[in-house]
Each structure stands twice: as C-alpha cells, then as structure tokens.
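Listed below, chain by chain, are the residues.
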Amino acid sequence: LLKGGNTDIFFRTTLLLIFTVGYGVAFVNDAFFSIGSRRIPSRGVSQDVTRRPSHRVVGLKPLSLSVAPDDVQTETAVPFRRPLGSQELLMLPRQYSLSPKSFPAMTHCSAYVLSATPSTETLRDAATRAAAQHPLLRARVEGNGEPNKRIDFFQMVREGEPDPLTFVADGSAADVPLVVVNVKNPTEAWVTQFNSDLDSAEYDTENGPLWKMTLFRVSGDAPSDSACVVSLTFNHAVSDQSSANMLIDQILRDVAAAEAGGGVAPPPSSAEMPRSLERNVLGVGNAWPDGNGLSKLTPRTLTYVAGKAAEGLKSPVILPDGAGSDTGGGVAAALTTISGNSAGGKSAKAGDRKSTLQFRTLSAAATEALRLKCRAESVSVTAALASAVAFTSSDLVAGVGANGKKERNYKVLQSLDMRRVSSDPDPLETMSCQAGSMDLMLGPFADGSGRKLAGDFEPEQFWDVARESQAQTKLFVESGGPEQAVRVFDFAMTISDLNNLVHLTAQSESSQGRAYSAGVSNAGVYERQPAAPVAGFVDRDTLKANHGRYAIEDVHFATSHARSGCLYQVSCLTVDGKARFTFHPAAPIVSEREGAAFADYFVDLLEVAAGTKKASTGKAV
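Described in the following lines is the structure provided in the data block. Fair warning: this is a prediction, and the values are worked out from it, not measured in the lab.

So, how was this worked out
Residues numbered from 1 in each chain as written. Predicted model: local features only at pLDDT ≥ 70, side-chain atom pairs only at ≥ 80, totals over all residues. Heavy atoms only, no water. Helix = DSSP H or I, 4+ residues; strand = E, 2+ residues; numbered from the N terminus. Buried < 20%, exposed > 50% of the residue type's maximum accessible area, 1.4 Å probe, protein only. Contact = heavy atoms within 4.5 Å. Areas by Shrake-Rupley, 256 points an atom, 1.4 Å probe, with all protein chains shown as cover. Phe/Tyr/Trp six-rings, centres within 6.5 Å; stacked < 30°, edge-to-face > 60°. Core = buried A, V, L, I, M, F, W, Y, C linked by side-chain atoms within 4.5 Å. Pairing = 2+ DSSP bridges. Axes fitted to C-alpha atoms, helices over the stretch in contact; angles between N-to-C directions. Polar contact = N/O pair within 3.5 Å; in protein donor to acceptor, adjacent residues only side chain to side chain. Expected span 1.5 Å × (residues − 1). Salt bridge = Lys/Arg side-chain N within 4 Å of Asp/Glu carboxyl O. Parallel < 35°, antiparallel > 145°, perpendicular 65-115°, else oblique. Left-handed = near helix turned anticlockwise from the far one by under 90°. Nonpolar A, V, L, I, M, F, W, Y, C, P; charged D, E, K, R; others polar. Right-handed = clockwise from strand over helix to strand, strands pointing away.

### Describing the overall build of the protein chain
Moving on, step 1. When helices and strands are tallied, the protein chain shows 15 helices and 22 strands.
Moving on, step 2. Within the protein chain, the fraction of its 621 residues that count as buried is 59%.
Moving on, step 3. Counting contacts in the protein chain only where the partners sit at least 6 residues apart, residues at least 24 apart contribute 82% of the total.
Moving on, step 4. In the form shown here, the protein chain has an accessible surface area of approximately 23,300 Å², with 52% of it arising from carbon and sulfur atoms.

See below:
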C-alpha cells in the first residue's frame, strides 16, 4: 500500500482502512449522492426563466414604496468566505481529479403547495431579500481542493491542501434563479420536476448560486386565488430541511406583507457565514483541518469505530432477496475499495438507478392520536417512525405479500438535527446544512412482521421496538456518539479522497450502493421551528403555516438515495396538524409497485398503532 516507509503514511492508511470497515464507506448523514449529471432541464411545459441583474446585499429595491429610503442600510461589498467543512465537501462534492468521471452533487428538494399564487415580481423580490440575508444563498465556491500529493500506492490518501474549496458570498445578492412553469394543474405537475431535480440537478459551483426556485402556476403573472407550488432545489451543502422551512416562511411573510400594502421592513444586514457542522459539533479549533484533530482521537473514538465494524456481524438487510449478492462486506470490501475497485465487481446497472416517489398524508386525527400514544408509551414520534419503517421493511424484503419464518436484522439510518447535540449549537439564524444521523440496529424480525402487526395488532411488540430505538438514540447522544461520529468522518474526509470511495461503493455489484435497510428523516413540526430573524426585533417568531392569503396546504421533501444510501427511505414533516410523508427509494432495486406497497403498509401500520384504525379489519375506528 505504501510508497515508502513513512510512519505517517502507514498511520493514515491504517486508520482509513479501519474507517472503511466500520462504515462501509457510508457517512453518518441523512443524505447521499444523487445520480445523473444533466443540467436542470425543461420538461415539455411552458417555462419562463425570469432573471434580473444582481442586487446588492443591502440597499435592495423595497417591496413596497412605503419603505422609506432612509431605512435602507448602507451598502457593504466585503465578501464572506470560509473553507467548506467535511460534510459540505461530501455533498458539493469535492471531485477526485484522477477519476475519469465527475461526481454528481447531493440534492435536497422541498416542495410547498400554497393556497394562492403570488405575482412573479413580488415572489422574486422576496426571494432576493432572503438571499441578501443568507450568505449561502448567494455563495459560489473557489479553490480546487487538490492535495499537495497523494501518498499511498492506490492514490487515495491525501497530504496537504494548499487551495481548499471555499464558500465565497460577495456583497451582491446572487441573481435569484426563479423558473416559472405554467401548467393546468400545478399541484400535480411539480412531481415530475421534483423527481428530475432530485436525481439530476447540476449546479454552477464556480459562479453560483447553489439553489433555484420554481413556481408552478396555472397561468398569468398577476396574483390569483388559484393554488400553486413553490419548489426549492438546493445543493445539499447549503441547506437542510430546517433551513428550507425558514426560507419559505420568510419569503411568504414578505410576499403577504407587500400585498397587504403596509410595507415590508428592510432586511437585517447579511448574517455571518454559518459555521460548518464539524466546527459546531466539535467546537471551533477542534476539527481535523484546524490541526488539533489527531490530539482529540481517544480510546473512545477507536471503540466507536470498532462498534460500527461489529454491526456487520449481525448481517442486516441491505437488499431485497434476489437484488444482489452482498458478498463484499467487512475487511475484504474495505481492502477492495481503498485499492480503487468496487467490492463484488462493478454493477452494469449502477447508472440506471433513479428515485421512485410516493406521497402520503396521515390525517390530523391520526397524527394527533399517534402523538398522544407516543407520549403514553414514553417515546418520541421519531422512535415510532423508526419502529414502523423497520417492521414495514420486513414486509418487502422477500417480495410484496411474502411471509415466512426467516428472521433478519434491520439497520435503520435515523436523522438527527445536529444543532441539538453540538458543543457550540448553531442558532439557525441563517441557511446551512447541520443535518446528521445515527444508526439503529433493530430486530431480528420474521418476514412479513409489519403486515402481521397491522392485521392482528400486538401493541407491545411495536412499542418495544420504538422503545429500543429511543434507548439506542439516548445512549448514542449521552455517550458522545455525535462527537465521535463527526470526528471520525472529519478525519476520513481530510486525509482521503472519500468521495471516490463512495463512488466505488455506489458502483458495487454486491451492495448496489445500499448501506442501510431503511432510513427515516423526521423534520418535526413546522410551526414549532424558529423563523428568520427580523431587523429591530430581539425575540424570534416561529414559522407560520398561514401568511395572509397563503396557506401551506401540503409539503414534501427528500434527498436522493438513488446512487448510494438506504434500501427504503421515508421523510416526514408535520404541517397544519398532519404528518406528510415522502417515500423515495431507488428503482429498480425497489420497483414503483413495491414503493407504493411500502408507503401503504407504513401508513396503515401507523394508523393501527395510533388506534385510529382497527387491526383486524383495516377499517377506520
């Protein structure tokens, strides 16, 4: 493996091997690579890409003439900049110059169905004001991210980085990328574009911006009472769902204020460039690139990684029966991957994978009943969702409708808002990605356990698994798991070309890019999240599902798992008292029929667990 006898080379390569065994080259995060590299395309419908010249961060044209010129703040042209953190490098992504192919970005999509349609001008102005406040909405990326040299035989271990990839947000708000799509039925038309963006969106990282906004409307530029959809598409390096929610709330707040004619207060001065996830979780000065990373490695760190490696001994499900051999696990897979090859050989169909989408909503009555039941069982709603996703996975691994006595373990990727577990918590005053996750090891369950529970409900079994999920989460947080997970990943990204390792795993015939049985991302309750700061006010409001005539009637979000990620994946956000689910596994590993069955089984099980549907008949109570 080594070009010479240098101790540092041996140390770095050995730790990289340990990391690769422990993680299967899957980052502890709730999002993975998307597939495809096309530009955001037109889709055969009327589109009007509306752009305007760049606006200054401050001194913007007000949304209402009632805003006095004296209220507009003094212009500043000082750029905001910082190097990308390790998670952001994974998502952007940092490229591997020795690879013949470019790695696609990780994309985060969030779509909001609104009760009314704003004018293009008002919507664009509100979005521009938001870009003035949030540096990453007007950011580009400078630098090449290349190391001084690669010091191992297989050209995977990095040393030095003289020109790191760096976020730069100038004193000018980026041209807001608003696309207007005129369609007959906006509440249906957005799904095609959402699916396309999720897997195929590409970003001009050198010039920015790293996001776009699409308005799906009936027709006409004037405001109307017809429903519309505002779809936000981000490079995941600059957003998470909490950030997206804050942004849409800020935009709708300003749109409603402008339409009311009372004037819109000038935006605050631009927020500072947000800290990276690594510096929030580990503390400033403690990330690996800061120079103190090595000193922070402890026996607890190595114990943590060893524990991750030991999970493989339980052989959790990562593929349905017949979809792959899964023969390349453990040390053999790690050695194969860091040698520059895909474990089990390269899959001929890796480039054909794409997201398949299903959308479901839990009624307000069922959502409230589930919340109360979770409280009675002393578990979080997220723990109940983890139980449901594990049991539902058991219904599909052997095929739709299959039952059997075979018992299997399930590894569930459960999202965490790292703002809650950081040593220096991010206050969510500006857009950034602070999304993380942890692994839950659940089971063993017999095939078809979820349908059996829904048909002849045994409440203790469902809630026992929910309690186990809660207990594992509590232990992970209280034992310093988030810190160790981030520290180990930060190390691996800093000293290796980890994006190439992810690429090789995504190409694997044996794993088909799957690292988890299932994943659940619960973004919580929309209306409980803090809103964007407002100039002149110390206290922050919370998000509102209603601003003037604009009510959020539905919302769905997702990150792509097509290239690499979970076998089954569900994302949840509760708005206006209803839990809204997006199911987005990768086809053809999971067919559209299987994805629909999974969504139906999952919601059915939740309704039975909540007590709003009878187990034996499936009828509403």
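Structure's up, so let's keep going.
### Structural notes on the packing of aromatic side chains
The description of an aromatic ring pair rests on the distance of the ring centres and on the angle between the ring planes.
Moving on, step 1. Scanning all chains against the criterion turns up 15 aromatic pairs.
Moving on, step 2. Judged by centre distance (5.3 Å) and plane angle (85 degrees), the rings of W190 and F194 are edge-to-face. Taken together, the residues span about one helical turn, with W190 and F194 both in helix α4 (residues 186-200) at a distance of four residues. The burial state of W190 is the same as that of F194; both residues are buried.
Moving on, step 3. An angle of 20 degrees between the planes, with centres 5.7 Å apart, marks the rings of Y410 and F445 as stacked. Of this pair, Y410 sits in strand β15 (residues 407-417) while F445 sits in strand β16 (residues 435-446), and the two are 35 residues apart along the sequence.
Moving on, step 4. Y410 gets classed as buried once you look at its relative accessible area, which sits at 1%.

### A closer look at the nonpolar core
Moving on, step 1. Counting residues in hydrophobic clusters, the biggest one holds 72 residues, and the most contacted among them are F167 and M213.
Moving on, step 2. Ranked by the residues each element gives to this core, the list is headed by helix α5 (residues 241-260), at seven residues.
Moving on, step 3. Counting residues in hydrophobic clusters, the runner-up holds 65 residues, among them L282, L396, C572 and A599.

### A few points about the sheet that holds strand β20 (residues 565-575)
Moving on, step 1. Within the open sheet, the six strands sit side by side as β14-β21-β20-β17-β15-β16. Their pairing is mixed. Where the open sheet ends on each side, the last strands, each with one partner, are β14 (358-362) and β16. Ignoring which end each strand starts from, the neighbouring axes of this sheet average 20 degrees apart.
Moving on, step 2. Sheet analysis places β20 next to strand β21 (residues 578-583), joined by six bridges and oriented antiparallel. Paired with C572 across the two strands is F581, which belongs to β21.
Moving on, step 3. Lying over the sheet, helix α9 (residues 364-376) contacts β14, β20 and β21, oriented at roughly 70 degrees with respect to β14.

### Things to note about the side chain of R580
Moving on, step 1. Note that R580 resides in strand β21.
Moving on, step 2. Side chain to side chain, R580 and D554 meet in a polar contact 3.2 Å long.
Moving on, step 3. Within the local environment of R580, its side chain forms a polar contact with the backbone oxygen of V575, the two atoms lying 3.0 Å apart.
Moving on, step 4. Leaving out residues up to four positions away in the same chain, R580 has contacts with R360, T361, E553, D554, V555, H556, S571, C572, L573 and V575.

### What about α4?
Residues separated by three or four positions in an α-helix point in the same direction, a consequence of the helix having 3.6 residues per turn.
Moving on, step 1. In this model α4 runs 21 Å from its N-terminal to its C-terminal C-alpha over 15 residues, within 8% of the 21 Å that 1.5 Å per residue would give.
Moving on, step 2. When α4 is considered as a whole, its buried residues turn out to be P186, W190, Q193, F194, S196, D197, L198, D199 and S200.

### Structural notes on α9
Moving on, step 1. Its 13 residues place the ends of α9 18 Å apart at the C-alpha level, agreeing with the 18 Å of an ideal helix rising 1.5 Å per residue.
Moving on, step 2. Each element contacted by the buried residues of α9 is listed here: β14, α10 (381-396), α12 (459-478), β20, β21 and α15 (592-610).
Moving on, step 3. Within two residues after α9, S378 carries a phi angle of roughly 60 degrees, on the positive side.

### Considerations on the sheet that holds strand β3 (residues 80-83)
Moving on, step 1. The strand order across the open sheet built from three strands is β3-β8-β5, with neighbouring strands paired in antiparallel fashion. At either margin of the open sheet sits one strand with a lone partner, and together these are β3 and β5 (139-142). Sheet twist, expressed as the mean angle between neighbouring strand axes with direction ignored, is 25 degrees.
Moving on, step 2. Here β5 runs beside strand β8 (residues 166-169); their pairing, made up of four bridges, is antiparallel. Looking at the pairing, E142 lines up with T166 of β8.

### Overview of the pairing of strand β19 (residues 550-559)
Moving on, step 1. The buried count for β19 comes to nine of ten residues, which makes it a mostly enclosed element.
Moving on, step 2. Direction of pairing for strand β18 (residues 546-547) relative to β19: antiparallel, over a ladder of two bridges. Looking at the pairing, H547 lines up with Y550 of β19.
Moving on, step 3. The loop that links β18 with its antiparallel partner β19 comprises two residues; one of these, G548, has a positive phi angle of about 60 degrees.

### What about the pattern of salt bridges?
Moving on, step 1. For the structure on display, the rule yields 35 salt bridges.
Moving on, step 2. For R419, the salt bridge is made with D417, and the minimal N-O distance between the two is 3.4 Å.
Moving on, step 3. When salt bridges that share partners are traced, they join R94, E146, R150, R158, E161 and D497 into one network.

### As for the packing of α10 against α15
Moving on, step 1. Look at α10 against α15: their axes get within 9 Å of each other, and the N-to-C directions meet at 135 degrees. Between α10 and α15, the interaxial angle falls into the category oblique. Both α10 and α15 take part in a crossing whose hand is right-handed. Residues A384, L385, A388, V389, F391, T392, S393, D395 and L396 of α10 touch α15, and the partners they reach there are E594, A597, F598, Y601, F602, L605 and L606.
Moving on, step 2. Among the residues forming the contact of α10 with α15, the class breakdown is twelve nonpolar, two polar and two charged.

### Quick notes on the pairing of strand β10 (residues 178-182)
Moving on, step 1. Burial of β10 is extensive: four of the five residues sit out of reach of the surface.
Moving on, step 2. Pairing analysis gives five bridges linking β10 to strand β11 (residues 211-217), with the strands arranged parallel. Paired with V179 across the two strands is T214, which belongs to β11.
Moving on, step 3. One crossover worth recording links β10 to the parallel β11 by way of α4, and it is right-handed.

### A look at the environment of A237
Moving on, step 1. As for its position among the elements, A237 is in the loop between β12 (228-235) and α5.
Moving on, step 2. Residues A237 and M106 lie 131 residues apart in sequence; the distance between their C-alpha atoms is 7.7 Å.
Moving on, step 3. Those residues within four positions of A237 in sequence are excluded, and the remaining contacts are E88, M91, L92, F167 and C433.

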